[in-house]
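Residue-level listing of the chains:
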Amino acid sequence: MSQRFKKLTGLVAATFTPLTAEGEINLSVIAAYVDYLIEKQNVKSVFVNGTTGEGCSLTVDERKQLAAAWCQHGKGKLEQVIVHVGCMSIKDSQELARHAASIGADGISVISPSYFKPINADALRLFIKEVSASAPDLPMYYYHLPGMTGVALEAADVLNGIEREIPSFQGVKYSGTDLRDLGQCVCYSQSRDWSVLYGVDEQLLGALVLGVHGAVGSTYNYLGHIVNQMLSAFNNGNHTQTRALQFGFMEVITFARTLGFDVSVNKQVMSEVSGLPMGPPRLPLLPCPVSKAQAIAQKIHNFTQGL
């Protein structure tokens, strides 16, 4: 019998990692960041140290400091703080999992190793199992991101039977574009009451129709209030409004992509829209020209003002 955990639903902001001009983590921003998400975006759950947060470019100690800061400043304010603990080294992942448990995180997530890749779903499940065993009382979520990891395994195959090996397993952050595989994950998760969270922001509506329980994404840091409107419209059966909001969201992302919408650009857009100093990205990512981010921020402003 699997443990009972609070189900992860709704919008989850994949948080950026604030850095100083010198490239050091800037923990002084986190308290204001928490308040901004809640007050301005109505987003009350976060996914820390993931792709948006440049987690794989940070040291283990930096990741611990960031996770601790989010748990500290989010206590009593945020509903859930999910900490991504995936690393190339299973030992580092286990250390981060133990740390997440010690600081009061609400869950952990693991991406597949991508240098030495798991040869099949059994190997990846075993990796997730060994990490989860270091924090058995925390919900574990598989972070499926084949576009970055190069691991072509289907998420549905990874989920198949995983509850027999990992009692704390609670779902998947699905950041792929294969809606058939996503649908299989939703179908398998239904009877197990797991969460399936979608991670391709501009395609969220397609995932909602398949029955996902929420979404984890970078743009929810500054467009969460709009996407929350879309979720409400969808849940109320107002499909015309839902499509209109999704199409407007798509137009913003399409425009951003013409300017090269990578993590670096996205991070600068967050600074422009929120007023919070996110700072530069960490190498090998290059800083984004401010003019580019300002053009995207203006597009976002026009979209939100037109609603």
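Structure's up top.
This report concerns the structure included in the present document. (Residues numbered from 1 in each chain as written. Predicted model: local features only at pLDDT ≥ 70, side-chain atom pairs only at ≥ 80, totals over all residues. Heavy atoms only, no water.)

Scanning the protein from N- to C-terminus turns up 12 helices and 8 strands. Here the C-alpha radius of gyration of the protein, 18 Å, is about what a compact globule of 307 residues would show, namely 19 Å. Counting every position in the protein, which comprises 307 residues, the buried fraction comes to 55%. Pairs at least 24 residues apart make up 75% of the contacts formed inside the protein by residues separated by at least 6 positions. Entry remark: accessible area of the protein is about 13,000 Å², with carbon and sulfur atoms responsible for 53%. (Helix = DSSP H or I, 4+ residues; strand = E, 2+ residues; numbered from the N terminus. Rg over C-alpha atoms; globule rule 2.2 N^0.38 Å. Buried < 20%, exposed > 50% of the residue type's maximum accessible area, 1.4 Å probe, protein only. Contact = heavy atoms within 4.5 Å. Areas by Shrake-Rupley, 256 points an atom, 1.4 Å probe, with all protein chains shown as cover.)

Counted by the stated rule, this structure contains 12 salt bridges. In this structure, Glu 251 engages Lys 299 in a salt bridge whose closest nitrogen and oxygen atoms are separated by 3.3 Å. Placement of Glu 251 in helix H10 (residues 239–258) and of Lys 299 in helix H12 (residues 290–305) is noted, with a sequence separation of 48 residues between them. By relative accessible area, which is 46% here, Glu 251 ends up partly exposed. One salt-bridge network, in which partners are shared between bridges, spans Asp 122, Arg 125 and Glu 165. (Salt bridge = Lys/Arg side-chain N within 4 Å of Asp/Glu carboxyl O.)

Looking now at the packing of aromatic side chains. For the coordinates displayed, the defined rule picks out 6 aromatic pairs. Judged by centre distance (5.4 Å) and plane angle (80 degrees), the rings of Phe 47 and Tyr 143 are edge-to-face. Of this pair, Phe 47 sits in strand S2 (residues 45–48) while Tyr 143 sits in strand S5 (residues 140–144), placing them 96 residues apart in sequence. Neither Phe 47 nor Tyr 143 differs from the other in exposure class; each is buried. By the ring-pair criterion, three or more aromatic residues cluster together here, those being Phe 169, Tyr 188 and Trp 194. The ring of Phe 47 is capped by Lys 173, whose NZ or CZ atom sits 5.3 Å from the centre of that ring. Between Lys 299 and the ring centre of Phe 255, over which it is positioned, the NZ or CZ distance is 5.4 Å. (Phe/Tyr/Trp six-rings, centres within 6.5 Å; stacked < 30°, edge-to-face > 60°. Lys NZ or Arg CZ within 6 Å of the ring centre and 35° of its normal.)

Turning next to the environment of His 73. By the secondary structure assignment, His 73 is in helix H2 (residues 60–74). Sequence separation between His 73 and Tyr 33 is 40 residues; the distance between their C-alpha atoms is 9.2 Å. Those residues within four positions of His 73 in sequence are excluded, and the remaining contacts are Ile 30, Ala 31 and Val 34.

Look at helix H7 (residues 179–190): 16 Å from first C-alpha to last across 12 residues, which is about the 16 Å you get at 1.5 Å a residue. Three or more residues of H7 are buried, namely Asp 181, Leu 182, Gly 183, Cys 185, Val 186, Tyr 188 and Ser 189. Of the surrounding secondary structure, the elements contacted by the buried residues of H7 are S5, helix H6 (155–159), strand S6 (169–174), strand S7 (195–198) and helix H8 (204–210). For H7, the N-terminal cap is Asp 178; the gap from its side-chain oxygen to the backbone nitrogen of Arg 180 is 3.1 Å. (Expected span 1.5 Å × (residues − 1). Polar contact = N/O pair within 3.5 Å; in protein donor to acceptor, adjacent residues only side chain to side chain.)

The next point concerns the state of the cysteines. If you walk through the whole model with that rule in mind, you get 0 disulfides. The thiol of Cys 185 is unpaired, and the distance to the nearest cysteine sulfur, on Cys 187, comes to 10 Å. Classification of Cys 185 by relative accessible area gives buried; the value is 0%. (Disulfide = S-S within 2.5 Å.)

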